[in-house]
Amino acid sequence: MRCEICKGSPVQQLRGYWEDLPAESPNRTKFAPPEVVEAKFWAVALVVVVGVFVAISSLWVGLLIALGGLLWGAWMSGQVKAYRMRLADYNARKICLVEYHTFIPVPILETDV
């Protein structure tokens with residue numbers, strides 16, 4: 001496969017290139033995959049359960065705690081979705097080994113002409 005930008009010949013999957021780099025390489029951080037999002041859904045469930053338990057004795061405080069837990073869970077879910085999209089983009093990228101730029105290859109569509 002050829003580079004679509006500079007038409008250079010050597011092209012490699014970005015993840016494979018990054019995995020093959022030595023630890024002391026300056027490109028190790030430049031071409032690293034996105035950082036993993038730490039989703040703690042067990043903590044969200046715990047907050048919601050505590051909120052429900054508190055709601056039994058003090059209605060408004062418990063409902064606020066449970067609502068806060070649900071909102072926190074929704075925010076974390078959005079963070080996980082954004083991470084998965086960044087990771088999919090990263091895994092689709094190729095790197096030109098001549099100019100060291102990354103790109104996502106454009107599929108060539110075959111048409112009957």
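Another point: the overall build of the chain. Along the chain, the regular secondary structure elements total four helices and three strands. The order of helices and strands in the chain, counted from the N terminus, is β-α-α-α-α-β-β. The globule rule puts the C-alpha radius of gyration for 113 residues at 13 Å, and the 23 Å found for the chain is more than 25% above it. Within the chain, residue pairs in contact and separated by at least 24 positions form 60% of the contacts whose partners lie at least 6 positions apart. Accessible surface computed for the chain: about 8300 Å², of which carbon and sulfur atoms make up 65%. Taking the average location of the 11 positive side-chain charges in the chain and that of its 10 negative ones, the two points are 5 Å from each other.

Next up on the list: the packing of helix H3 (residues 41-57) against helix H4 (residues 59-92). A pair of packed helices can be characterised by two numbers: the angle between their axes and the separation between those axes. At a minimum axis separation of 6 Å, H3 and H4 run at an interaxial angle of 165°. As summarised for this structure, H3 and H4 are arranged roughly antiparallel, according to the angle between their axes. Between H3 and H4 the crossing geometry is left-handed.

Scanning the model with the defined rule gives two aromatic pairs in all. Pairwise contacts between aromatic rings join Tyr17, Phe31 and Tyr100 into one cluster. Geometry around Trp18 places Arg28 over its ring, the cationic atom sitting 4.3 Å from the centre.

Taken in spatial order, the three strands of this open sheet run E1-E2-E3, and their pairing is antiparallel. Two strands in the sheet have a free side with no partner beyond their single neighbour: strand E1 (11-13) and strand E3 (102-103).

What follows covers H4. Spanning 34 residues, H4 covers 50 Å between terminal C-alpha atoms, matching the ideal 50 Å at 1.5 Å per step. Every buried residue of H4 is accounted for by Gly62, Ala66, Gly69, Gly73, Met76, Val80, Tyr83, Leu87 and Tyr90. Elements that come into contact with the buried residues of H4 comprise helix H1 (14-20) and H3.

Of note, the phi angle at Tyr100 is positive, near 60°, even though the residue is not glycine. Here Tyr100 is to be found in the loop between strand E2 (94-96) and E3. According to the relative accessible area criterion, Tyr100 is partly exposed, its value standing at 38%.

This brings us to the confidence of the model for the chain. For the chain, the average pLDDT comes to 86, and 96% of its residues sit at 70 or higher. Averaged over each element, pLDDT in the chain is lowest for H3 (85) and highest for H1 (91).

Here we come to the pattern of salt bridges. Summed over all chains, the structure comprises one salt bridge. For Asp89, the salt bridge is made with Arg93, and the minimal N-O distance between the two is 3.2 Å. Under the relative-accessibility criterion, Asp89 is labelled partly exposed at 32%.

Okay, the environment of Trp42 next. One can find Trp42 in helix H3. According to the relative accessible area criterion, Trp42 is exposed, its value standing at 61%. Here the alpha-carbon distance between Trp42 and Ala32, two residues ten residues apart in the chain, equals 29 Å.

About the cut-offs
One numbering rule holds for all chains: residues counted from 1, following each sequence as written. Only residues with pLDDT of at least 70 get local features here, since the model is predicted, and only at 80 or more are side-chain atom pairs given and counted; chain-wide, interface and lining totals rely on the full set of residues. Computation of side-chain values covers all heavy atoms of the structure but excludes hydrogens and water. In this text, helices come from DSSP runs of H or I with a minimum length of four residues, and strands from runs of E with a minimum of two, each type numbered from the N-terminal end. Radius of gyration here uses only the C-alpha atoms, and the compact-globule reference equals 2.2 Å multiplied by the residue count raised to the power 0.38. Whether two residues touch is decided by their heavy atoms; if any such pair falls within 4.5 Å, the residues are in contact. Each accessible area is a Shrake-Rupley result for a 1.4 Å probe, and residues are judged covered by the shown protein chains and nothing else. We count Lys and Arg on the positive side and Asp and Glu on the negative side, and we leave His and both chain ends out. Where a charge lies is defined by one atom per residue type, namely NZ (Lys), CZ (Arg), CG (Asp) and CD (Glu). Every angle, taken between N-to-C directions, lies between 0 and 180 degrees, and every axis is a line fitted to C-alpha atoms, over only the stretch in contact when it is a helix. Here is the rule for angles: anything less than 35 degrees is roughly parallel, anything more than 145 is roughly antiparallel, 65 through 115 is roughly perpendicular, and the remaining ranges are oblique. It is the rotation of the near helix from the far one that decides the hand of a crossing: anticlockwise by less than a right angle makes it left-handed, clockwise makes it right-handed. By convention, a stacked pair of Phe, Tyr or Trp rings (six-membered ring in the case of Trp) has centres within 6.5 Å and planes under 30 degrees apart, an edge-to-face pair has planes over 60 apart, and any other such pair is tilted. Only when the NZ of Lys or the CZ of Arg is both within 6 Å of the ring centre and within 35 degrees of the ring normal is a charge said to sit over the ring. One requirement defines pairing of two strands: DSSP has to find at least two bridges between them. To estimate the expected span of a helix, count its residues, drop one, and scale the result by 1.5 Å. Relative accessibility decides the category of a residue: with a 1.4 Å probe and only protein chains considered, values under 20% of the type maximum give buried, values over 50% give exposed, and everything between is partly exposed. pLDDT measures how confident the predictor is about each residue, on a scale from 0 to 100. Salt bridge, as used here, is a side-chain nitrogen of Lys or Arg placed within 4 Å of a carboxyl oxygen of Asp or Glu.

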